[in-house]
Every structure is written in structure tokens, then in C-alpha cells.
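Single-letter residue listing:
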Amino acid sequence: SGTAVSRYAQSQTTSGGTVTNPANALNTPDGILCVMPNASTFLNLKLQDTIPSGTLVTLRVSKTGSGTATANINTSINGLSYAAASTLSTSSTSLTDIAFTTNASTNYIQFQRTGSTTLNIDGITYQFAPLIWTIKDSSVCYTGTPLFKTGSDANNDGRPDAYPT
């Protein structure tokens, strides 16, 4: 595989209530926040890659107001069916990194806001090492001419004469 690089969410959708500036949760965490002020709201983030089970994902979050901001963290391979992966809880008004490990192949991460305290999301980060294929023997590559063809083809059927028709 290749060298691991930091990757982020590339697109988003919301449902269930108000999510302010949801696009601020995309790309590199930069201190510009997506705000989830209401319980029972959902922010769905599509990742740049499908990541395998066991991948560490870092959520950069904070809260606004008193109390503790909480959310369920759900994951999905297809963005249609989500499964519980973790819970999030922060009582910090400063941005804090909270990590969880995926428990299935994941292409979407969903924040499901719970509780009564506003949750702020700066973004998510994960490490991804793309698979790099190396061809060691170019003689096994298809070039348009069958490599097994040897000898004459007197009847012009595309097969060596040693093969039955």
C-alpha cells in the first residue's frame, strides 16, 4: 500500500432540524464551525474514501452554552443505512479532538445530535493509505494480441492450428 495521508469529509447532507453552515465540517479542520443547535438533527458527512473497519477517525468538536454537548456517531457504507459506532460527549467550549475507531467499512459518518447543548463541529480527519498496484511482469498484461498464440493459423480462425475448432 501507499503512504498514509490525512483525509477529510468531502460532502454533506442534513436532516431532522437546523444545522447551521454544515459545509464548514468539510475538508481540513480550520476553526470555522458547523453548528448543531437542536436535538434530533443529523449531519451526514461523506468521506473521500471508503475506510476499513478498525480505522481511527478524529472528530474536532466543541460546545456552546452550559452543559455537555452529546451526539451519537453512526457509520454507513452507502449513506442509506447507518449503524451505531460510538457516542460523543464534550463539555469544552474550546475545540477538542475526540477519536473513535470504525467497526465496519465506512464511507459516511453521521452525527445525530442528542441532549440540549449546542454541538459545534470543525471537521473530521482520518489516515488513509491508498492501495498501489505494481506490475512486476509485463508479459502477463493483455496487449490486444493473445499471448498464448503461437504457431500458424492456416484457417484464419484466431486460434493456433493446434487447437480444435
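Taken in spatial order, the 5 strands line up as β2-β4-β9-β6-β7 in an open sheet, and their pairing is antiparallel. Among the strands making up the open sheet, the edge pair consists of β2 (9–15) and β7 (83–90). Averaged over all pairs of adjacent strands, the angle between strand axes in this sheet comes to 25°, irrespective of strand direction.

To continue, consider the pattern of salt bridges. Inspection of the entire model under this criterion finds 3 salt bridges. Ionic pairing is found between Asp97 and Arg60, a salt bridge with its closest N-O pair at 2.7 Å. Highlighted residues: Asp97 in strand β8 (residues 96–101) and Arg60 in strand β5 (residues 56–64), separated in sequence by 37 residues. Across the salt bridge formed by Arg60 and Asp122, the nearest N and O atoms sit 3.8 Å from each other. Within this pair, whereas Arg60 is found in strand β5, its partner Asp122 is found in strand β10 (residues 118–128), the two being separated by 62 residues in sequence.

A few words now on the side chain of Asn107. Residue position: Asn107 is located in strand β9 (residues 106–114). A distance of 3.0 Å separates a polar side-chain atom of Asn107 from the backbone oxygen of Asp49. Among all residues touching Asn107, those that are not within four sequence positions of it are Leu45, Lys46, Leu47, Asp49, Thr50, Ser76 and Ile77.

Right, let's get into the environment of Gly67. In this fold, Gly67 is placed in the loop between β5 and β6 (69–76). In this structure the C-alpha to C-alpha distance between Gly67 and Thr90, which are 23 residues apart in sequence, comes to 8.9 Å. Discounting chain neighbours no more than four positions away, the residues touching Gly67 are Ser91 and Thr117.

Turning our attention to the environment of Thr93. The topology assignment puts Thr93 in the loop between β7 and β8. For the pair formed by Thr93 and Thr68, sequence separation is 25 residues and the distance between their alpha carbons is 9.7 Å. Leaving out residues up to four positions away in the same chain, Thr93 has contacts with Ser62 and Lys63.

The pairing of β6 with β7 spans 7 bridges and is antiparallel. Note on β7: the bridge partner recorded for Ala69 is Thr90. Taking the residues between adjacent antiparallel strands as the criterion, β6 and β7 are bridged by 6 residues, where Gly79 takes a positive phi near 80°.

On to the nonpolar core, then. With 26 residues, the main nonpolar core has Leu59, Leu88, Phe111, Leu119, Ile121 and Ile124 as its most contacted residues. At the level of secondary structure, the elements contributing two or more residues to this core comprise β3 (34–36), β4 (42–51), β5, β6, β8, β9 and β10. For this core, the leading source of residues is β10, giving 5 residues.

Moving on, we come to unusual backbone geometry. Although it is not a glycine, Asn21 adopts a positive phi angle of roughly 55°. Within the secondary structure, Asn21 sits in the loop between β2 and β3. According to the relative accessible area criterion, Asn21 is partly exposed, its value standing at 45%. With a phi close to 65°, Ser40 is a non-glycine residue in the positive phi region. With respect to the helices, strands and loops of the structure, Ser40 is situated in the loop between β3 and β4.

Rules and cut-offs
Residue positions are given per chain, counting from 1 as you read along its sequence in written order. Whole-chain, interface and lining totals are the exception, using all residues; otherwise, since this is a predicted model, local features are given only for residues with pLDDT of at least 70 and side-chain atom pairs are given and counted only at 80 or more. Values shown for side chains rest on all heavy atoms present in the structure; no hydrogens or waters enter the calculation. Whether two strands pair depends on DSSP finding at least two bridges between them. Elements are defined by DSSP. Helices are runs of H or I of four residues or more, strands are runs of E of two residues or more, and each kind is numbered from the N terminus. To obtain each axis, a line is fitted to C-alpha atoms, and for helices this fit is confined to the stretch in contact; angles are then taken between N-to-C directions over 0 to 180 degrees. In what follows, salt bridge is the name for a side-chain nitrogen of Lys or Arg lying within 4 Å of a carboxyl oxygen of Asp or Glu. Distance and chemistry together define a polar contact, namely a pair of N or O atoms within 3.5 Å, with one atom able to donate a hydrogen and the other to accept it when in protein, and with adjacent residues in sequence counting only for side-chain atoms on both sides. Should any heavy atoms of two residues lie within 4.5 Å, those residues are counted as being in contact. By nonpolar core we mean a set of buried residues, namely Ala, Val, Leu, Ile, Met, Phe, Trp, Tyr and Cys, connected to one another through side-chain atoms within 4.5 Å. Exposure is judged per residue with a 1.4 Å probe applied to protein chains only, and the accessible area is read against the type maximum: over 50% gives exposed, under 20% gives buried, and values in between give partly exposed.

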